[in-house]
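Single-letter residue listing:
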Amino acid sequence: MEINDIFQSSDLIFSSESFGLLRETLYQNIGEKRAEIFLIQFGDKLGQEKAIKLKQHHTDKDELVRQATLTHVKLGHVSEVKSSGTTVLNKKGEFIFIDAIGQWIDSFEADLHIHNHGKSDTCVCHILSGFASGFLSEIYETDIYVVELTCKAMGYPHCTFEVNTKKHWLQVNPSYIEKFNHQTVAKELEITYDKLLYQKQLLEKITYFHSQLTECVAKENSIHDVLDTAYTILKIPIIIKNIQTNKIIALKGMDETTYANLLSQHSETERISEHNETILEKSGAIHIMTTPIYLNDKVFARCTFIYEDTKYLDNNGFLFLERLATVSALCFLKDKISFETIERLKISLLDRLIHEQYESKDDFETHLHLVSNKIKKPYLSLVIRCNHKNYLPIDHYDQLLQFSQTFKYYYLDGLFTKNHQEIYILLSTSTHPNIEKLLLQILNQMQENNPDLTYTLGISNEFNQLEFFSEYLKQAKQAVSLPRNKQIAYYSELGLLGNFLENINTETLKQTASEQLKGLLNTDSNMKELLHTLYIYLINGKNFKKTMDVLNLSMGGVQYRVRKIEEITQIDLKESYTSSYLLLLIESLIIMKEIKL
């Protein structure tokens, strides 16, 4: 059969100029990349069709390959095709191409490109590559790709190519055959439409979500109302936890027991993705998306989506979660402002009570009930002392607010104010008979939230008349001032010392202490050290071993200091009455803040 037999009268013949115009139009209308893909796919279809026609007359693969070369020339693609290399069949029945390379002489595509576009940076014989690939793939009944390596349009003498299987190209360099496997323009448009439709639906959902949450803010709804609204739209369980207490502030779509069980079952997590500060993690069968909630430029809480069902999992979930976190922050800010406003009223009210700036007891109680109707007798006066471990400044107003919030969390109600490094509290104990346990929990919680601080608490005796608050406040001050290494000190524990301070003149006490302690009250460091040694020695029952352990001294060192103290004071510390009297004086001076040990 002659080569002419394969060209039927139905073949549409284009002049090179017409095809060049078509090619240029494609570049202008669909862009260079898509035009190249279109031309490769067009060439592939042409090559496949020609191979199918030739297979009706030939069965020998070598002859079919020779016909392919003749077809190239007859169609006017090239003036000549030079090729070399061999093809073998391996044990698996796969064709292996060995050094299958060649040249297209006088490629019409290269000439057209130079004429219409000038010199190129890449190979341009897309129809030739597609035609040869489609032709050989049909003959060998497997994916064969003819990749152009150099091109006349790039400045090379001739266009060169290499023939090999898809498997080979994927191993060598997959980028060579990306255009051969690329989706059609129609499929690309379909995918683009689907993406645009999804983006439109997502935008509508986000807009609706934002508008509903904004309406919650405008109506000054609570955080629980906000979570109800978000859950109604998203159908995803939502958890908000305080980062300091690690306690749940609000949740929707899941109860606390279920949430706790989920966390216990899936302790190990794997980070999946991260956007800004939003993190998506996989924990067992569930996915957890978390983002921080900021309040006054500090992370206050964390907002979390729990995905038990992956059908709700969406890469765009962070858009909803971050918006929810922002609205939640506004709710918490509103609550904070409201809380601080009430606290300022309470501070003002307690300051008036301390300084007796009220017209009558009834007048004060009326104002008190406006602020809180839960503060009822009996009462306690509390003094909290805050100290920084590194002696840095402390924001006592912030500490006051933290204490007030923590007291509220444990269902304790009172009035708070501050004075220098101390926080004063009028506390109602009407509904909490076992107050010490709750106060210890509060101190421990505050210690956990503020690890750099230490707290000591002094508690007065109970009283029933508000006008006596200042008097009982003195008791709390005396209790908190005694350095006994206890978090909570009761005035009742002072015993004789408390009665002693109530019934003695301050100036007389200072005069007596000066006469008894003599030079130990001097301000130089050596005397302070000896006074501290005396105090530790006395509160440990004059036990040298215990004193040695507390002061981290040798036995000889402690004995030397005790002898030195006896020389200065001219007192025999072995006498029990004398030593008890000295301890009473020293602790009285500590409580009165005349000395600091």
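All of the points below concern the structure found in this document. None of the values given here were measured: they were computed from a predicted structure.

A separate point is the overall build of the protein chain. The number of helices and strands found in the protein chain is 20 helices and 15 strands. Computed over the C-alpha atoms, the radius of gyration of the protein chain is 45 Å, more than 25% above the 25 Å expected from 2.2 N^0.38 for a compact globule of 597 residues. With respect to the principal axes defined by its C-alpha atoms, the protein chain has extents near 135 × 65 × 45 Å. Per-residue burial over the protein chain gives 42% buried out of 597 residues. Put simply, 62% of the contacts in the protein chain that link residues at least 6 apart link residues at least 24 apart. Working note: accessible area of the protein chain is about 32800 Å², and carbon and sulfur atoms make up 50% of it. Put simply, the protein chain has 63 plus and 77 minus side-chain charges, and the middle of one group is 5 Å from the middle of the other.

Helix-helix packing: each pair is described by the crossing angle between the helix axes and the interaxial distance. Two elements in contact, helix α17 (residues 525–539) and helix α20 (residues 576–591), have axes separated by 10 Å at closest approach and are oriented at 120°. The angle between the axes of α17 and α20 places the two elements in the oblique class. Along this stretch, α17 crosses α20, giving a crossing that reads as left-handed. Touching L531, L534, Y535, L538 and I539 of α17 are S579, L582, L583, I586, E587 and I590, all from α20. Classifying every residue of the contact of α17 with α20 gives nine nonpolar, one polar and one charged.

To continue, consider the sheet that holds strand β5 (residues 238–242). Overall, antiparallel pairing links the six strands, which are arranged β6-β5-β10-β9-β8-β7 in an open sheet. Of all strands in the sheet, those with a lone pairing partner are β6 (248–252) and β7 (270–275), marking the two edges. Taken over all neighbouring pairs, the strand axes of this sheet differ in orientation by 20° on average, direction set aside. Relative to the sheet, helix α8 (residues 223–234) contacts β5, β6 and β10 (298–307), its axis offset from that of β6 by approximately 35°. Along the sheet face, helix α9 (residues 256–265) touches β5, β6, β9 (286–295) and β10 and points at about 100° away from the line of β6.

This next bit is on the packing of helix α18 (residues 544–551) against helix α19 (residues 555–569). Relative to each other, α18 and α19 sit at 105°, their axes nearing to 9 Å. Here α19 runs roughly perpendicular to α18, going by the angle between their axes. Facing F544, K545, T547, M548 and L551 of α18, the residues of α19 in contact are M555, V558, Q559, R561 and V562. Here the contact of α18 with α19 is built from residues that sort into six nonpolar, two polar and two charged.

Turning our eyes to something else, we now look at the pattern of salt bridges. Under the definition given, this model contains 18 salt bridges. Between E63 and R66 there is a salt bridge, and its shortest N-O distance comes to 2.9 Å. One end of the pair is E63 and the other is R66, both in helix α3 (residues 61–74) and three residues apart, which spans about a single turn. A relative accessible area of 44% places R66 in the partly exposed class. What you see here is one network of salt bridges that share partners, running through D106, D111 and K152.

Let's shift gears to the pairing of strand β2 (residues 95–105). In this sheet, β2 lies alongside strand β1 (residues 80–89) in antiparallel orientation, the contact comprising nine bridges. By the bridge assignment, S84 is partnered in β2 with I101. If you look at the hairpin formed by β1 and β2, you'll find five residues sitting between the two strands, and G93 has a positive phi there, around 80°. Pairing between β2 and strand β4 (residues 159–165): four bridges, direction antiparallel. Looking at the pairing, I101 lines up with E162 of β4.

Right, let's talk about a nonpolar patch on the surface for a bit. Taken together, the side chains of V217, L330, L333 and I337 present a nonpolar region at the surface, about 300 Å² in accessible area. A total of three residues in the nonpolar patch trace back to one element, the largest contributor, which is helix α10 (residues 317–354). Tracing the chain through its elements places L333 in helix α10.

For the bond from K377 to P378, the omega torsion is 0°, close enough to zero to count as cis. For P378, the location among the structural elements is in the loop between α11 (361–371) and β11 (379–388). Located in the positive-phi region is H420, a residue other than glycine, with phi close to 60°. Located in the positive-phi region is K542, a residue other than glycine, with phi close to 60°. Topologically, K542 is positioned in the loop between α17 and α18. The exposure class assigned to K542 is partly exposed, which follows from its relative accessible area of 23%.

Cut-offs used in this document
Residues numbered from 1 in each chain as written. Predicted model: local features only at pLDDT ≥ 70, side-chain atom pairs only at ≥ 80, totals over all residues. Heavy atoms only, no water. Helix = DSSP H or I, 4+ residues; strand = E, 2+ residues; numbered from the N terminus. Rg over C-alpha atoms; globule rule 2.2 N^0.38 Å. Buried < 20%, exposed > 50% of the residue type's maximum accessible area, 1.4 Å probe, protein only. Contact = heavy atoms within 4.5 Å. Areas by Shrake-Rupley, 256 points an atom, 1.4 Å probe, with all protein chains shown as cover. Lys, Arg positive; Asp, Glu negative; His and termini not counted. Charge placed at Lys NZ, Arg CZ, Asp CG, Glu CD. Axes fitted to C-alpha atoms, helices over the stretch in contact; angles between N-to-C directions. Parallel < 35°, antiparallel > 145°, perpendicular 65-115°, else oblique. Left-handed = near helix turned anticlockwise from the far one by under 90°. Nonpolar A, V, L, I, M, F, W, Y, C, P; charged D, E, K, R; others polar. Pairing = 2+ DSSP bridges. Salt bridge = Lys/Arg side-chain N within 4 Å of Asp/Glu carboxyl O. Patch = residues over 30% accessible without salt bridge, like charges linked within 9 Å, V, L, I, M, F, W, Y side chains within 5 Å.

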